[in-house]
Amino acid sequence: MSLTAWVRRARTAEPAPVRREIAVFEPADLFDIEIKDDPEANPVLCCTGDPAGAAAFNALWLKRIATSGRYAAAVSVRGQGGTPAADGGTEARTHDVVQAAVTVPRQAVLIGHREGAAWAALAAGRYPAAGLVLVSPQRFPKQPPKPVGGPPVLLVVSESEAQSKEVQAVTEVYGIAPLTFAGAPDDVFKGAAAEGLLDAILSWLDGKK
């Protein structure tokens, strides 16, 4: 990083603080089945551009992630769910993701959906994520920062958007090929397509342990 860039970053005013809504599901919360926490499995922190925020992950994602033995969490950035609105735009929402990540036990994998993928990618430039998963990225920065520590990156997109300019740009940035799933980009929180998508992500994470 150049001295000029460092000074610019150092002088950037910290976004106004907010009380963030964070949803958590741990293996111990699975009363219907006996799943033990896997100390070698990195916890997961999710974020989405959906206005519902953390609540969007409650119905399927968090429980299914916890079933794999992982600590699962999702954050509502400012203006989403139960987190109050505050000024700051993309920079402030990225700050919210980073601040949520540092509260997660152990080094976390960041999963971002739609605009949340952009926030997760920007957060990975500040927080040493164990992995970065970008699901149907939207409003993605043209030049995202290099992820701290060089974590593995997975890009997951619907078949309908696989050839879009934005997806192609993301593949070039990270030098990776996208994993595709059936269904619409916003159909990732419920139904058979969502379950298949999540199973593919968890399989990828297990292969990175």
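So, here is what we can say about the structure in this document.

What counts and what doesn't
- Residues numbered from 1 in each chain as written.
- Predicted model: local features only at pLDDT ≥ 70, side-chain atom pairs only at ≥ 80, totals over all residues.
- Heavy atoms only, no water.
- Helix = DSSP H or I, 4+ residues; strand = E, 2+ residues; numbered from the N terminus.
- Buried < 20%, exposed > 50% of the residue type's maximum accessible area, 1.4 Å probe, protein only.
- Contact = heavy atoms within 4.5 Å.
- Core = buried A, V, L, I, M, F, W, Y, C linked by side-chain atoms within 4.5 Å.

## A few points about the environment of Arg93
Structurally, Arg93 can be placed in helix α3 (residues 89–101). For Arg93, a relative accessible area of 23% gives the class partly exposed. Through-space distance from the C-alpha of Arg93 to that of Phe189 is 21 Å; in sequence the pair is 96 residues apart. Not counting residues up to four positions away in its chain, the partners in contact with Arg93 are Val77, Arg78 and Trp119.

## Here's the deal with the nonpolar core
Side chains of a nonpolar character, in soluble globular proteins, are inclined to be buried together. Membership of the largest hydrophobic core comes to 32 residues, with the highest contact counts inside it found for Leu45, Leu110, Leu132, Leu134 and Tyr174. If you list the elements that add at least two residues to this core, you get β2 (44–48), β3 (72–76), α3, α4 (115–123), β5 (131–135), β6 (153–158) and α5 (165–174). Tallying contributions element by element places α4 first for this core, with six residues. With near-sequence residues (within four places) excluded, Leu45 lies in contact with Ala73, Ala74, Val75, Val97, Ala100, Ala101, Val109, Leu110 and Ile111.

## Quick word on unusual backbone geometry
Residue Ser136 is not a glycine yet carries a positive backbone phi of 45°. If you trace the backbone, Ser136 turns up in the loop between β5 and β6. Given a relative accessible area of 0%, Ser136 falls into the buried group. Look at Arg139: it is not a glycine, yet its phi comes out positive at around 55°. Relative to the assigned elements, Arg139 resides in the loop between β5 and β6.

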